[in-house]
Amino acid sequence: MHKRYIQSLYFVFLSLAILSCSKNTKKEYANMLIHGGTIYTVDSTQTTAEAVAIKDNKIIFVGNLEEAELYKNENTQLIDLEGNTMTPGFIEGHGHFMGLGYNELNLDLLNTTSYQDVIDAVADRVSTLEPGEWIVGRGWHQSKWDSLPQNMVKGFQTHHRLSEVSPDNPVYLSHASGHAGFANAKAMEIAGLQAFAKEGIKTFHVDGGEVIVDKNDKPTGIFNERAQTLITKHIPEKNINTDVKAFELAVKACHKNGITSFHDAGIPRETIALYQKMKREGKMKTRIYAMLTGWDKTLLNEWFSKGIMVDTSHLFTIRSVKLNCDGALGSRGAWLLKPYSDRPDHYGHETLPMAFVKETALNGLKHGFQVCSHAIGDRANREILDRYELAIKELPNKADNHRFRIEHAQHLHPDDIPRFAKLKVIPAMQAIHMSSDRPWAIDRLGEKRIKEGAYMWQALLKSGVPIVNGTDVPVEPINPIASFYASVSRKTLKGTPEDGYEPEQKMTREQALKSYTLDAAYGAFEEHIKGSITVGKLADFTIFSQDLMSVDESAILKTEVVMTVFDGEVVYDNKN
């Protein structure tokens, strides 16, 4: 009996030792252990967890709290979620990082609700400046104003009242979309346009753009699409000091909004140099997946020659190209198959030759670069899909994993919806645009085109393609909660209409969360390192004050980001 008892004890201790080792075989200890709330992993093998353990900047354990505590020692930082909800770090799938930063520095007009608001903001800024100093801003959108001014030309306000409050300071205010701009008389004088008018020159021809003129052929101050360069080339260049400040403000805004990664949609060589400087100095606290601007062919050819740059630290990667192929719906620059319902003589603008789209698609396939083309109108979307298809057929052996994208894909002809899945083209769509634009977009397109082809999220998802979500900041505020709400409700931020616009196209909450995390990571070839809370992936997390997956729809917009964890460190805590 005694011998059997000793043997039994031996096997018990041996089993416990084996079990203990199996739970923490490498004797790893976590730098951080997070627990105390619902954790949505966006990992199909384990959709929720009680706790997550982190070592350095990687996830080493996901599961129940009892097992997670095996990774704890005296040096482990413990974070109690206090009932809050954690998800993978949210990814801004299409935005303009420096635009976000400069919107913090310049005149931010996103919340203006009338022309008078714009005038008042400019008047306030004039009082702080010396004569001759430029006033630059962005964010106005006449279709979102509560009331419109009496004098309108082709759906836009005129410069006269703006010029009255700023006679000595040139003013240029970008439309929220970035596809149009508004100048005062002083700015147009500096650009030489007022002199042209006096000399009887009645047309201002710009390929891919339009100068809006009044009945007397004088500029109204509105410059559409590429015509904006008539003014913008006279605005003093930014300098390194303002660039650094804007960069730092953009990082701060990302942290506050739970954004840990950012797809930067089109950057020039100067911005590349700035990002490299910020990375060297340890200031790159948001992961940037950058698209090279397609406006600079020399830049593209340089990068095609040297190849993609995939950062081993996963902070700054370049492996894609951004092409701007049409304009925005608000400024009537989106390129349509049929004319605008509220401007029957106008089809929008092809802002980049389609031959160049095909050429770039071929170069992308040859050199391993993803091509991301801005397309809002149905014709722009069709033409780009056509060029992608031609390039894929020409180089099929290079097209296995191209992940070409169409940015926005807002208005599609029904025949083109299944082509995304067929060609394996990813739509990068910003749900908040539907919320902001749908009330007036019906005036541009008419009911039939809206219902059959606008903001077709569920139709695209069911066809078999992922959707990359985002905000297109600074076109819209970077707040992902608003875009998540729009995704699942298809309502304005005021909660209208009651059932949402075209409710059959709503995303489920699971789809919406995935569009901001794992699908967004897939859209950047990064699903193996982020986008889900999975062992081995980067420790980037967003913590919300409410459970986005279960809270009543009417309460979603009351959700706040309470904490952001980036690269295994708490970079934002709303308690501090």
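Attention in this report is confined to the structure presented alongside it. Keep in mind it's a predicted model, so treat the numbers as computed, not measured.

## Section: the overall build of the chain
Next, step 1: Helix and strand counts for the chain come out as 20 helices and 23 strands.
Next, step 2: Since a compact globule built from 576 residues should have a radius of gyration of about 25 Å, the 26 Å found for the chain is in line with a globular shape.
Next, step 3: The proportion of buried residues among the 576 residues of the chain is 58%.
Next, step 4: Within the structure as shown, the chain displays about 24,400 Å² of accessible surface, and the carbon and sulfur contribution to it stands at 50%.
Next, step 5: In the chain, the 66 positive side-chain charges and the 73 negative ones have mean positions that sit 4 Å from each other.

## As for the state of the cysteines
Next, step 1: Here the structure, examined in full by the defined rule, presents zero disulfides.
Next, step 2: Distance from the sulfur of Cys254, which forms no disulfide, to the nearest cysteine sulfur (Cys372) is 18 Å.
Next, step 3: No disulfide involves Cys325; its sulfur sits 11 Å from the nearest other cysteine sulfur, which is in Cys372.

## Thoughts on the pairing of strand 19 (residues 405-408)
Next, step 1: The pairing of strand 18 (residues 370-375) with strand 19 spans four bridges and is classified as parallel. Residue pairing for strand 19: Ala375 is matched across the bridge by His408.
Next, step 2: Once the chain exits strand 18 it traverses helix 13 (residues 378-394) before rejoining the sheet at strand 19, and the crossover so formed is right-handed.
Next, step 3: Pairing geometry for strand 19 and strand 20 (residues 426-428), over three bridges, is parallel. Residue pairing in the sheet places Ile406 in a bridge with Pro427 of strand 20.
Next, step 4: Between the parallel pair strand 19 and strand 20, the chain is carried across by helix 14 (residues 417-423), and the sense of this crossover is right-handed.

## Quick notes on the sheet that holds strand 14 (residues 219-225)
Next, step 1: The strand order across the open sheet built from six strands is 7-8-11-12-14-13, with neighbouring strands paired in mixed fashion. Where the open sheet ends on each side, the last strands, each with one partner, are strand 7 (107-108) and strand 13 (209-213).
Next, step 2: Judged from the two bridges that link them, strand 7 and strand 8 (residues 135-140) form a sheet pairing that is parallel. The residue of strand 8 that forms the bridge with Leu107 is Gly137.
Next, step 3: Lying over the sheet, helix 4 (residues 115-126) contacts strand 7, strand 8, strand 11 (171-175) and strand 12 (180-183), oriented at roughly 155 degrees with respect to strand 8.

## Quick look at the packing of helix 15 (residues 431-445) against helix 18 (residues 480-489)
Next, step 1: Interaxial distance between helix 15 and helix 18 falls to 7 Å at its minimum, and their mutual angle equals 75 degrees. Regarding the angle of helix 15 to helix 18, the classification is roughly perpendicular. In contact with Ala431, Ile432, Met434 and Ser435 of helix 15, helix 18 contributes Ala482, Ser483, Ala486 and Ser487.

## A short note on the sheet that holds strand 6 (residues 90-95)
Next, step 1: In spatial order, the strands read 6-15-16-17-18-19-20; together these seven strands make up an open sheet with parallel pairing. Strand pairing shows two members of the sheet lacking a second neighbour, strand 6 and strand 20, which therefore form its edges. In this sheet, adjacent strand axes meet at a mean angle of 25 degrees when their direction is disregarded.

## Considering the pattern of salt bridges
Next, step 1: For the structure shown, the criterion picks out 34 salt bridges.
Next, step 2: Salt-bridge contacts for Lys154 lead to Glu210; the nearest nitrogen and oxygen are separated by 3.4 Å. Of this pair, Lys154 sits in the loop between strand 9 (152-153) and strand 10 (156-157) while Glu210 sits in strand 13, and the two are 56 residues apart along the sequence.
Next, step 3: Taking relative accessible area as the criterion, Lys154 reaches 40% and is therefore assigned partly exposed.
Next, step 4: On the basis of relative accessible area, Glu210 is assigned to the buried category, the value being 11%.
Next, step 5: Residue Lys283 pairs with Glu248 through a salt bridge whose shortest N-O separation is 3.3 Å. Here Lys283 is found in the loop between helix 10 (269-280) and strand 16 (287-293), whereas its partner Glu248 is found in helix 9 (residues 240-256), with 35 residues between them in sequence.
Next, step 6: Overall, Lys283 belongs to the partly exposed group, its relative accessible area being 30%.
Next, step 7: Using a relative accessible area of 34% as the deciding quantity, one classes Glu248 as partly exposed.

About the criteria used
- Residues numbered from 1 in each chain as written.
- Predicted model: local features only at pLDDT ≥ 70, side-chain atom pairs only at ≥ 80, totals over all residues.
- Heavy atoms only, no water.
- Helix = DSSP H or I, 4+ residues; strand = E, 2+ residues; numbered from the N terminus.
- Rg over C-alpha atoms; globule rule 2.2 N^0.38 Å.
- Buried < 20%, exposed > 50% of the residue type's maximum accessible area, 1.4 Å probe, protein only.
- Areas by Shrake-Rupley, 256 points an atom, 1.4 Å probe, with all protein chains shown as cover.
- Lys, Arg positive; Asp, Glu negative; His and termini not counted.
- Charge placed at Lys NZ, Arg CZ, Asp CG, Glu CD.
- Disulfide = S-S within 2.5 Å.
- Pairing = 2+ DSSP bridges.
- Right-handed = clockwise from strand over helix to strand, strands pointing away.
- Contact = heavy atoms within 4.5 Å.
- Axes fitted to C-alpha atoms, helices over the stretch in contact; angles between N-to-C directions.
- Parallel < 35°, antiparallel > 145°, perpendicular 65-115°, else oblique.
- Salt bridge = Lys/Arg side-chain N within 4 Å of Asp/Glu carboxyl O.

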